[in-house]
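Spelled out from the first residue to the last, the chains are:
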Amino acid sequence: MPLTINQKMELSHKQTEAWDWLFSDNIDEVLFGGAKGGGKTVEGCFTAIEYARQVQELCSLVEIPKFPHLIGFIGRKRSVDFTKTTLESWKKFINSDIYNYNNQNKELILFNGMFKYQCGGMDDENNIQKFNSAEYGFIFIDQAEETTEMHYNMLKG
């Protein structure tokens, strides 16, 4: 599946394999590992954009809603690590014309307010409370090996 939204990224063999699994109709979860600097975070960021694009297309959404549609969560175990690493990768590789970051609410707002991802860490009590009532279609946990089974079950619920 080609990247859309005017993103430029050459995928390695492993990234291409992960991309194919991520957008397979019969796959619910993908764990993608590898060496430091192997492109896992960047691929997660691009996947989040592509997921939003597909939701927009599938639902034939063209009108910007009053409040962005919540479609997922992007984070790490610790909120500070998300901000210092994952968010910085997002800013570096994702075209700033297609998103805004609301630092106060810890949200990535996409496509002029069409969608939003909640962001942060599983160490943030506000996020924990959001998990209890949220319905996510997409979850990207960067450095998933840092998380616990409890975190996994909380998000999956």
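Residues numbered from 1 in each chain as written. Predicted model: local features only at pLDDT ≥ 70, side-chain atom pairs only at ≥ 80, totals over all residues. Heavy atoms only, no water.

### Some details on the overall build of the chain
Selection criterion: Numbering of helices and strands runs from the N terminus; a helix is a DSSP stretch of H or I covering at least four residues, while a strand is a stretch of E covering at least two. Only protein chains enter the calculation, and the probe is 1.4 Å; a residue is then buried if its accessible area is under 20% of its type maximum, exposed if over 50%, and partly exposed in between. The contact criterion used is simple: two residues touch if any of their non-hydrogen atoms lie within 4.5 Å.
Within the chain, the regular secondary structure consists of 5 helices and 5 strands. Mapped from its N terminus to its C terminus, the chain presents α and β elements in the order α-α-β-α-β-β-β-α-β-α. Sorting the 157 residues of the chain into buried and exposed places 41% on the buried side. Looking at the chain alone, contacts between residues at least 24 apart form 67% of all its contacts between residues at least 6 apart.

### Some details on the side chain of aspartate 142
Worth spelling out the cut-off: For the charge count, each Lys or Arg is scored as positive and each Asp or Glu as negative, with His and the chain ends excluded. Throughout this description, the term salt bridge denotes a Lys or Arg side-chain nitrogen within 4 Å of a carboxyl oxygen of Asp or Glu. Polar contact is defined as a pair of N or O atoms within 3.5 Å, subject to the rule that within protein one atom must be able to donate a hydrogen and the other to accept it, and that residues adjacent in sequence are counted only when both atoms are side-chain atoms.
Residue placement: aspartate 142 occurs in the loop between strand 5 (138-141) and helix 5 (149-156). Of the side chains with opposite charge, arginine 76 lies nearest to the buried aspartate 142, which makes no salt bridge, at 4.7 Å. Polar contacts involving the side chain of aspartate 142 include one to the side chain of threonine 41, which spans 2.9 Å.

### Here's the deal with the confidence of the model for the chain
Detailed conclusions should not be drawn from predicted coordinates in areas where pLDDT is low. The line we're drawing: Summary of the metric used: pLDDT quantifies the predictor's per-residue confidence within the range 0 to 100.
Residues with a pLDDT of 70 or more make up 85% of the chain, whose mean pLDDT is 83. Across residues 1-6 the pLDDT falls below 50, and counting only partners more than four positions away or on other chains, this stretch makes 15 contacts in the model.

### Thoughts on helix 1 (residues 13-22)
Counted only if it meets this: Here the arc refers to the directions that run from the helix axis out to each C-beta atom.
Taken together, the buried positions of helix 1 are occupied by Gln15, Ala18 and Trp19. Taken end-on, helix 1 shows its buried residues confined to a sector of 105 degrees, consistent with a single buried face. Facing away from the buried side of helix 1 by more than 90 degrees, the exposed set consists of His13 and Lys14. Each element contacted by the buried residues of helix 1 is listed here: helix 2 (40-58).

### Here's the deal with the pattern of salt bridges
A full pass over the atoms with the stated rule returns 6 salt bridges. With a shortest N-O distance of 3.1 Å, lysine 116 and glutamate 107 are connected by a salt bridge. What makes glutamate 107 buried here is its relative accessible area of 10%. Several salt bridges share partner residues, and in doing so they unite Glu50, Arg53 and Glu57 into one network.

### Brief notes about the state of the cysteines
Our working rule: Note on disulfides: each one is a pair of cysteine sulfur atoms within 2.5 Å.
Here the structure, examined in full by the defined rule, presents 0 disulfides. The closest cysteine sulfur to the non-disulfide-bonded cysteine 45 is located on cysteine 119, 9.5 Å from its own sulfur. Overall, the relative accessible area of 1% leaves cysteine 45 in the buried class.

### Things to note about the environment of serine 12
By secondary structure assignment, the location of serine 12 is in the segment before helix 1. Classification of serine 12 by relative accessible area gives partly exposed; the value is 33%. In the structure, serine 12 is positioned 27 residues away from glycine 39 in sequence and 8.6 Å away in space, judged by C-alpha atoms.

### A closer look at the packing of helix 2 against helix 3 (residues 79-93)
This is how it is decided: Note on definitions: angles span 0 to 180 degrees between N-to-C directions of axes, and those axes are lines fitted to C-alpha atoms, for helices only across the stretch in contact. By definition in this entry, angles of less than 35 degrees are roughly parallel, angles greater than 145 are roughly antiparallel, angles of 65 to 115 are roughly perpendicular, and the rest are oblique. Handedness of a helix crossing follows the sense of rotation of the near helix relative to the far helix, less than a right angle counterclockwise being left-handed and clockwise being right-handed. Here the nonpolar group is Ala, Val, Leu, Ile, Met, Phe, Trp, Tyr, Cys and Pro; Asp, Glu, Lys and Arg are the charged ones; every other residue, Gly included, is treated as polar.
Running from N to C, helix 2 and helix 3 cross one another at 65 degrees; their axes reach a closest spacing of 9 Å. Between helix 2 and helix 3, the angle falls in the class roughly perpendicular. Handedness of the helix 2/helix 3 crossing: right-handed. When helix 2 is examined against helix 3, the residues Thr41, Val42, Cys45, Phe46, Ala48 and Ile49 are found in contact with a partner set consisting of Thr86, Ser89, Trp90 and Phe93. Residue classes in the contact of helix 2 with helix 3 are distributed as 7 nonpolar, 3 polar and no charged.

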